[in-house]
Amino acid sequence: MSLIEIKNLKVHYPIRSGFLNRVTDQVKAVDGINFNIEAGETYGLVGESGSGKSTTGKSVVGLENVTSGSILYEGVDITKGSARRNIKYNQNVQMIFQDSLSSLNPRKRVLDIIAEPLRNFQHLSAEDEKIRVLQLLDTVGLNPESLYKYPHQFSGGQRQRIGIARAVATNPKLIIADEPVSALDLSVQAQVLNFMKKIQREFGISYLFISHDLGVVRHMCQNIAIMNKGRLVEVGTREDIYEHPMHIYTKRLLAAIPEVDVAHRKERQQQRKEIEKIYQEQSSQYYDKDGLAYPLIQVSPTHFVALPEEKLAKG
Ligand SMILES: Nc1ncnc2c1ncn2[C@@H]1O[C@H](COP(=O)(O)OP(=O)(O)OP(=O)(O)O)[C@@H](O)[C@H]1O
Ligand SMILES: [Mg+2]
């Protein structure tokens, strides 16, 4: 049994308009996706802005109303769970956000920020709580003096580590990491990612790692799903996605990885231009008449791609 199984998940938002404020249309933010997260792994969910990544992540932590489909946590559908079951679930599934400045309460001290989930779920004495928070600060490499400081007194990378400490406070089994390093400088990104890996090894946590950047995901994820307009266009192992990409959208995301090496920059730019040209010319072959991805077809034991049968047969 997988830790998480997402089955045909749909999240549609109503659009209201007119002076009667009637529902006139809907945004299909997530439109029938399937994937599983195994215990201890980092699963990558990648796509451009607006593809539905955050909506998926928020559904998994229970912050979003699911339109249809199911999300099984250790075999139990949490979209239908009783409140009681959800308390345990909420302890086990936590989230970290891209923007640490707006996701950490500016008027609260680090002690209270990190202790908040503990207060919700466990009943520790003030002394034990402080000991636990000090341990957590140590785990993420922040010094004990941080306890009584406020979020604005830290750098972006340090703040992100406070967010990580808060997320791991209840010993969760899964952390949804929504663009956890996108707001940080490259050098600081590596630091924070290393902390995430260290914590994973120590506590056996799984991550759902959300990003628009296949460059970052490469160093973190064993399995990856590529999302476009609420659907998955390609799913596979790291090797499937980076060595044998099949969907034009995946190839385009690969070409968009920022090139750090100056010697290869020209080459990458050229490659990007070529892919863009193919994308413009052939894009209709890759999407259905509504411009949406086709259903996924299995091409190897681990690799799935959203292409029409004819296209696959031709290669
Ligand atoms: N509360 C909402 N009401 C209506 N539409 C919404 C709501 N939240 C998100 N959407 C729409 O759903 C789609 C998916 O949004 P989502 O935030 O999941 O994308 P994303 O992949 O996380 O993008 P980004 O990379 O910019 O964070 C977008 O078209 C967005 O405008
Ligand atoms: Mg998002």
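Residues numbered from 1 in each chain as written. Chains lettered and ligands numbered in written order. Predicted model: local features only at pLDDT ≥ 70, side-chain atom pairs only at ≥ 80, totals over all residues. Heavy atoms only, no water.

Description of the domain arrangement of the protein
Point 1. Looking at the protein, the domain boundaries give domain 1 (4-229) and domain 2 (246-315).
Point 2. Domain 1 and domain 2 are separated by 28 Å when their C-alpha centres are compared.
Point 3. Listed per partner, the contact involves eleven residues of domain 1 and eleven residues of domain 2.
Point 4. With both sides pooled, the region where domain 1 packs onto domain 2 buries about 940 Å², and carbon together with sulfur makes up 65% of that total.
Point 5. The largest per-residue losses of area from domain 1 upon contact with domain 2 belong to Glu48, Leu214 and Asn228, which jointly make up 47% of the total buried on that side.
Point 6. Where domain 1 packs against domain 2, one counts one salt bridge.
Point 7. Note that Arg252 and Glu48 form a salt bridge whose closest N and O atoms lie 3.7 Å from each other.
Point 8. For the pair domain 1 and domain 2, the interface holds three residue pairs in polar contact (both at pLDDT 80 or more).
Point 9. Going through the elements one at a time, helix 8 (214-218) and strand 9 (223-228) are the ones with two or more residues in the side of domain 1 that touches domain 2.
Point 10. The dominant element in the side of domain 1 that touches domain 2, judged by the number of residues it contributes, is strand 9, at three residues.
Point 11. Looking at side-chain class alone, the side of domain 1 that touches domain 2 contains four nonpolar, four polar and three charged residues. (Domains from an automatic or database assignment. Contact = heavy atoms within 4.5 Å. Buried area = accessible area lost by both parts, 1.4 Å probe. Salt bridge = Lys/Arg side-chain N within 4 Å of Asp/Glu carboxyl O. Polar contact = N/O pair within 3.5 Å; in protein donor to acceptor, adjacent residues only side chain to side chain. Helix = DSSP H or I, 4+ residues; strand = E, 2+ residues; numbered from the N terminus. Nonpolar A, V, L, I, M, F, W, Y, C, P; charged D, E, K, R; others polar.)

Observations regarding the site of ligand 1
Point 1. Around ligand 1 sit Tyr13, Val27, Ala29, Glu48, Ser49, Gly50, Ser51, Gly52, Lys53, Ser54 and Thr55, and those are all the residues in its vicinity.
Point 2. Here Ser49 contributes a side-chain N or O atom positioned 2.5 Å from an oxygen atom of ligand 1.
Point 3. A distance of 2.8 Å separates an oxygen atom of ligand 1 from a polar backbone atom of Gly50.
Point 4. Protein chains shield 59% of the accessible area of ligand 1, which is 640 Å² for the free molecule.
Point 5. For the shell around ligand 1, the secondary-structure elements that each account for two or more residues are strand 2 (22-37) and helix 1 (53-61).
Point 6. Considering each element in turn, the shell around ligand 1 owes the most residues, three residues, to helix 1. (Near = heavy atom within 4 Å. Areas by Shrake-Rupley, 256 points an atom, 1.4 Å probe, with all protein chains shown as cover.)

Describing the pattern of salt bridges
Point 1. Throughout the structure, instances matching the rule amount to 15 salt bridges.
Point 2. The partner of Arg252 in a salt bridge is Glu276, and the shortest N-O contact between them spans 3.0 Å. With Arg252 in helix 10 (residues 248-255) and Glu276 in helix 11 (residues 265-286), the pair connects residues that are 24 residues apart, well separated along the chain.
Point 3. The class of Glu276 is partly exposed, set by a relative accessible area of 29%.
Point 4. What you see here is one network of salt bridges that share partners, running through Arg109, Asp112, Arg119 and Glu129. (Buried < 20%, exposed > 50% of the residue type's maximum accessible area, 1.4 Å probe, protein only.)

Some remarks on the sheet that holds strand 8 (residues 206-211)
Point 1. With respect to topology, eight strands assemble into an open sheet ordered 6-7-8-3-9-10-12-11, the strand pairing being mixed. Two strands close off the open sheet at either side, each with one partner strand: strand 6 (93-96) and strand 11 (297-298).
Point 2. As paired strands, strand 10 (residues 231-237) and strand 12 (residues 304-305) are joined by two bridges and run antiparallel to one another. Residue pairing in the sheet places Glu234 in a bridge with Val305 of strand 12.
Point 3. Across the face of the sheet, helix 6 (residues 156-168) comes into contact with strand 6 and strand 7 (174-178) while running at roughly 175 degrees to strand 6.
Point 4. Against the sheet, helix 10 makes contact with strand 3 (42-46), strand 9 and strand 10, and its axis sits at roughly 105 degrees relative to strand 9, the strand it touches most. (Pairing = 2+ DSSP bridges. Axes fitted to C-alpha atoms, helices over the stretch in contact; angles between N-to-C directions.)

Observations concerning the nonpolar core
Point 1. Met196, Phe209, Leu214 and Ile226 are the most contacted members of the largest nonpolar core, which has 55 residues in total.
Point 2. If you tally residues by element for this core, the top one is helix 4 (residues 110-121), at six residues.
Point 3. Taken domain by domain, the makeup of this core includes at least three residues from each of domain 1 (4-229) and domain 2 (246-315).
Point 4. The residues touching Phe209, leaving out its near neighbours within four places in the chain, are Thr42, Tyr43, Gly44, Leu45, Ala177, Pro180, Leu193, Met196, Val216, Val217, Met220 and Cys221.
Point 5. In this structure, Ile4, Phe35, Ile37 and Ala225 belong to the second largest nonpolar core, which totals 27 residues. (Core = buried A, V, L, I, M, F, W, Y, C linked by side-chain atoms within 4.5 Å.)

Here's the deal with helix 4
Point 1. Within the sequence span of helix 4, burial applies to Val110, Leu111, Asp112, Ile113, Ile114, Ala115, Pro117 and Leu118.
Point 2. Buried residues along helix 4 sit against helix 5 (126-139) and helix 6.

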